[in-house]
Amino acid sequence: QVQLVESGGRLVQAGGSLRLSCAASGRTFSGYPMGWFRQAPGKEREFVAGFNWSGDSTYYADSLKGRFTISRDNRKNMVYLQMNSLKPADTAVYYCTQGRLGAPITRNWYEYEYWGQGTQVTVSS
């Protein structure tokens, strides 16, 4: 059984930085797309960033390029999301997710197979 556990979310002031972590267990990263999504109250879950299934390409929501960086440590089965210059609009629950074997990276949340429980990020103005 795949388990994804996020951590690192907290209250931070606008302009600050956070690094979210996702610990994966149950199967290797290799061959599976990995991603981060977020969901703010009353809004749809939206794609933030991700790795393709081979792990050699990264993708970002256009609006977040330059501020957010996704990275991974295959030895530790960890995925990270570095978030800089945070804005109140970044307030949301952030979720780590893993797609299906060999599947392309996608911005559609319903095409992913496993999800973590989420970690709350709150950015105050």
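Before reading on, note that the structure itself is shown above.
In this text the structure is predicted, and so the values were computed from the model without any measurement. (Residues numbered from 1 in each chain as written. Predicted model: local features only at pLDDT ≥ 70, side-chain atom pairs only at ≥ 80, totals over all residues. Heavy atoms only, no water.)

Engineer: Let's hear about the state of the cysteines: which residues, and what values?
Structural biologist: Within this structure, the stated rule accounts for one disulfide. With its sulfur 2.1 Å from that of its partner, C22 forms a disulfide with C96. Here the disulfide of C22 and C96 is left-handed, its torsion about the S-S bond being about -75°. Linking C22 in strand β3 (residues 18-25) with C96 in strand β9 (residues 92-98), this pair joins segments that are 74 residues apart in sequence. Its relative accessible area of 0% is what places C96 among the buried residues. (Disulfide = S-S within 2.5 Å. Helix = DSSP H or I, 4+ residues; strand = E, 2+ residues; numbered from the N terminus. Buried < 20%, exposed > 50% of the residue type's maximum accessible area, 1.4 Å probe, protein only.)

Engineer: Kindly report on the nonpolar core, identifying the contributing residues and their values.
Structural biologist: If you look at the biggest cluster of nonpolar residues, it comprises 28 residues, and the most contacted ones within it are W36, V48, F68, I70, L81, M83 and Y94. Elements with a minimum of two residues in this core: β3, β4 (34-39), β5 (46-51), β7 (68-73), β8 (78-83), β9 and β11 (119-124). Looking at which element gives the most residues to this core, the answer is β3, with four residues. (Core = buried A, V, L, I, M, F, W, Y, C linked by side-chain atoms within 4.5 Å.)

Engineer: Help me get a handle on unusual backbone geometry, residues and values and all.
Structural biologist: Phi is positive for N77, close to 55°, though the residue is something other than glycine. Among the secondary structure elements, N77 is positioned in the loop between β7 and β8. Assessed through its relative accessible area of 17%, N77 is described here as buried. Residue S85 is not a glycine yet carries a positive backbone phi of 50°.

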